[in-house]
Amino acid sequence: MKQYNKGNDRNKGFQGRNGRSDRRRDIRDTPLNRMEETILATMRSEEIHDWSARQLLKKTGVLDKLAFYDALRSLKDRRMILLDREHNAKLIPVGEDVEATLVSLSKNFGFARPDSGGDDIFIHGSALQGALVGDKIIVGDIRKDDRGPSGRVRRIVEHKPAQTTGTVSITDEGIEFIPDNAIRYNLRMRERDLNGAKNGDKVMASLEQDYRGDWAYASVKKVFGSGRTARVCADAIVEQYSIPHVFPQEVLDEAERVGNEPISDEEYAKRLDLRGEPIFTIDSTDAKDLDDAISVKRTDFGYTLGVHIADVSHYVKEGSAIDEEAINRGTSVYFADRVIPMLPEVLSNGACSLNAGADKLAFSALIELDKEGHITKYDFKKTIINSKVRGVYSEVNEILDGTASEEILNKYAPVMESLMSAKELADILKANSAARGTMELDSGESKFILDENGICIDIMPRVSGEAEQLIEQMMVTANIAAAKFSLDHKLPFLYRVHGTPDPKRVEELVTLLQLVGVPCKEIVKPNPETQDFAAILDRVRGLPCETLVSQRLLRTMEKARYSTEETGHFGLALSDYSHYTSPIRRYPDTSIHRVLSAFVEGMPAEEVRRRYAQFCETSATESSRNEIRALIAERDAEDCYMAEYMSQHIGEHFEGTVSGVTMRGVFVRLENSVEGFVSLDAFEGEDFVYDGLITQRSPKRELTIGTPLPIIVASAYVATGKVDFVPDKEKLDI
């Protein structure tokens, strides 16, 4: 396991040996000097593979031994040679140049992530060529040793704007800027560059290089407000990730026009009229963009399922201003205190939302299933519907568990038969899902409770009841049908694909599970199938480590993405899958609707392919990129809200469970889903050993994933989203 330190090195100086730290730092931060070039040239000119220091010293003709050995160590630091304790040296072979993105920048080095995948590449500070986090670069001179690959920046292909959000720190020692992005050190600030910012303010700053080309200075361009409130930090996160959050006036005007147009007689006439069907929606209490409704009927052969989706493609025309903005956004973004919608409100909450009691344009998946829940027939129709009930998850859960009031039962009376049929079908589908090995993963999502001022006052794990699972099964079925329909007719399409896990990650998972007392080697192969992971979850069901193992499984798997090639979905154990059911909040679903609409309205398949093949390629790429952007932003905002909540509980005691292990300490997760860090230094007088997966002292105590650990909240920094704990010594008897 590589031992790169990608952690925060802010406020930590370089520690040299024998009192020569300054000299070593200068060597590391400068281009190759003449002696280093001489040594490399000598090693390259000879066919000798392994050089002794004495042999190399003699061959180069260098007289200054001290400088010679300094040069050897510098070349080792630069990852250009291997050097053992006896100063035996060998060249590290050079690989081909790769395209990459700089993902992390520290004082004396950076890391680049290859676009084609693989391990991050270490780049010494002297070889960065002024690259900044986010820059697209060409990395060359790539060498691999036991610590992983290293290389140097050949050229910068695309410079990202030299700016980032962060926090201003003003102390007696000076003014500094603490970046929010992966710049792992503080930048200096001059008083004239504060632009009115105060200590602790969250700001947007432009970055400047010093005379050596290092990124060293920051200048405030925008002040968001105090970094002690999560709401302000969320504002900064929106800016940091360049998430579009203000609709251009042209888009708003167009949305007002198309959204307020009444449904024409012509539209009524050409659509399948389903207004008499017992159709209903089920969503959370506060949902306003209702983009899916269902209806279920029992038949002599099984069930007829209708999944009725808002016909967004009717309102969002190809090439329109709304469409251009939608693909740029890619998805709605959800923070604890707000939603940044993909579509303007007049569409997302108005014309497109399947509000009860109103005629609405829909695109319906009409699916026949047998009594065993197997799909026997499917079709897609442009329809007009009128939802009979605006269902709410909590109310439907009460109906299903038999605790609903008379008022709730009366509300759902118009669709009760359809609802009960849906529950019956959902149970069958859920059993089928389990039989094929689908994993019921605990994603660890949190629900945030805010007060009237937007301050987080409570956090709890988000739970999924029978109603939520019912809707999920209906939507999965419609997504399968859409993928199969496209394959049947050879249409260009966007599939939701999920690859098999990397064998190296699987091996690490198996080792971890064995260490925490859950042996699974006999059921997990190097190239596992979905049911292998499902068997792991079955084995830990009900154990204290269940949630943590579930989340580790998530990290072991590849990320799902959009593709025009159907390669299957590992997590769902499905060969055909798509995202068809949420076009109000996801652009790939809107894209699928556009393709299917063209076909069901009469365009020949060959013409559909000619017209939409490139569109699907572009949409898949952009949608995957924007989805990742939204997920990272949502995660960072959640961290800030968690820190805001925990800042109100400094010094309080909680019961936690170790959720992650590092060389410096352990991460501990509380029952409310908050995660904080406990440094090993907090265990005074204890000696720990780290082997990459487990931290332990002796048979008396070991700290590994799943270990219960009572803690006290030590600190919480809203601006960074970081929470620190210390062990509760009284309960641990330290």
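Residues numbered from 1 in each chain as written. Predicted model: local features only at pLDDT ≥ 70, side-chain atom pairs only at ≥ 80, totals over all residues. Heavy atoms only, no water.

S.K.: Which parts of the structure should I look at to understand the sheet that holds strand E4 (residues 109-114)?
M.R.: Working definition: the strands of a sheet are paired by backbone hydrogen bonds and lie parallel or antiparallel to each other. Ordered by their spatial adjacency, 5 strands build a closed barrel running E3-E4-E5-E7-E6, and the pairing between neighbours is mixed. Neighbouring strand axes in the sheet, compared pairwise and without regard to direction, differ in orientation by 50° on average. Both E4 and strand E5 (residues 121-124) contribute to a ladder of 4 bridges, which runs antiparallel. When the sheet's bridge partners are listed, Ala112 is paired in E5 with Ile121. (Pairing = 2+ DSSP bridges. Helix = DSSP H or I, 4+ residues; strand = E, 2+ residues; numbered from the N terminus. Axes fitted to C-alpha atoms, helices over the stretch in contact; angles between N-to-C directions.)

S.K.: Can you walk me through helix H5 (residues 230-240) in this structure?
M.R.: Residues three or four positions apart in an α-helix share a direction because the helix packs 3.6 residues into each turn. The set of residues buried in H5 consists of Ala230, Val232, Cys233, Ala234, Ala236, Ile237 and Val238. In this fold, the buried residues of H5 make contact with strand E8 (163-171), strand E11 (201-209), strand E12 (215-226), strand E17 (333-335), strand E18 (338-340) and helix H19 (605-646). (Buried < 20%, exposed > 50% of the residue type's maximum accessible area, 1.4 Å probe, protein only. Contact = heavy atoms within 4.5 Å.)

S.K.: What is the right way to look at the sheet that holds strand E33 (residues 722-727) in this model?
M.R.: With mixed pairing, the 5 strands of this closed barrel are ordered in space as E26-E27-E28-E33-E32. Adjacent strand axes in the sheet meet at a mean angle of 55°, parallel and antiparallel pairs treated alike. Note that strand E26 (residues 653-661) and strand E32 (residues 708-717) share 5 bridges and pair antiparallel. Bridging across to E32, Thr657 finds its partner in Pro708. On top of the sheet, helix H17 (residues 546-556) reaches E26 and strand E27 (665-670); it is set at about 30° to E26, its chief contact.

S.K.: Help me out: how do you make sense of the packing of helix H2 (residues 34-45) against helix H4 (residues 65-77) in this one?
M.R.: When two helices pack together, their arrangement is given by the angle between their axes and by how far apart the axes lie. At a minimum axis distance of 9 Å, the contact between H2 and H4 shows a crossing angle of 75°. It follows from the interaxial angle that H2 and H4 lie roughly perpendicular. Residues Met35, Glu36, Ile39 and Leu40 of H2 form the contact with H4, whose participating residues are Ala67, Phe68, Ala71, Leu72, Ser74 and Leu75. In terms of residue class, the contact of H2 with H4 is made up of 8 nonpolar, 1 polar and 1 charged. (Parallel < 35°, antiparallel > 145°, perpendicular 65-115°, else oblique. Nonpolar A, V, L, I, M, F, W, Y, C, P; charged D, E, K, R; others polar.)

S.K.: How should I be thinking about the packing of helix H9 (residues 321-329) against H19 in this particular structure?
M.R.: The contact between H9 and H19 brings their axes to 8 Å, and the two run at 60°. In terms of orientation, H9 lies oblique with respect to H19. Contacts between H9 and H19 involve Ile327, Asn328 and Arg329 from the former and Glu622, Asn626 and Arg629 from the latter. Counted by class, the contact of H9 with H19 contains 1 nonpolar, 2 polar and 3 charged residues.

S.K.: In this structure, what is going on with the nonpolar core? I would like to understand it.
M.R.: Inside soluble globular proteins, nonpolar side chains tend to come together where they are buried. Of all hydrophobic cores here, the largest spans 85 residues; its most connected members are Leu347, Phe380, Tyr412, Met474, Tyr580 and Leu596. For this core, the element with the highest residue contribution is helix H14 (residues 466-488), accounting for 10 residues. (Core = buried A, V, L, I, M, F, W, Y, C linked by side-chain atoms within 4.5 Å.)

S.K.: What exactly am I supposed to notice about unusual backbone geometry here?
M.R.: Trans peptide bonds make up the majority, and among non-glycine residues the majority have a negative phi. Non-glycine residue Asn195 carries a positive phi angle of around 55°. Relative to the elements of secondary structure, Asn195 occurs in the loop between strand E10 (187-188) and E11. Within the chain, Ala573 stands out as a residue other than glycine whose phi angle is a positive 55°. Here Ala573 is to be found in the loop between strand E25 (561-563) and helix H18 (587-600).

S.K.: Teacher, can you tell me more about the pattern of salt bridges here?
M.R.: When their charged atoms lie close together, side chains carrying opposite charge are able to pair. Under the counting rule described, the total for this entry stands at 38 salt bridges. A salt bridge links Asp120 to Arg113, with the nearest nitrogen and oxygen atoms 2.9 Å apart. The network of salt bridges with common partners includes Glu267, Lys270, Arg271, Asp311, Lys382 and Glu601. (Salt bridge = Lys/Arg side-chain N within 4 Å of Asp/Glu carboxyl O.)

S.K.: Help me understand the pairing of E11 in this model?
M.R.: On a regular strand, one side chain projects to one face of the sheet and the next to the other, so that they alternate. Of all 9 residues making up E11, 7 are buried, and the element is well covered by its neighbours. Across 5 bridges, E8 lies against E11 in antiparallel orientation. Residue Gly166 lies in a different strand from E11, and its bridge partner there is Val203. Pairing of E11 with E12, which is carried by 9 bridges, proceeds in the antiparallel orientation. The residue bridging Ala205 from the neighbouring strand is Val220, located in E12. Counting the residues in the hairpin turn of E11 and E12 gives 5 residues, including Gly213, whose phi is positive at 90°.

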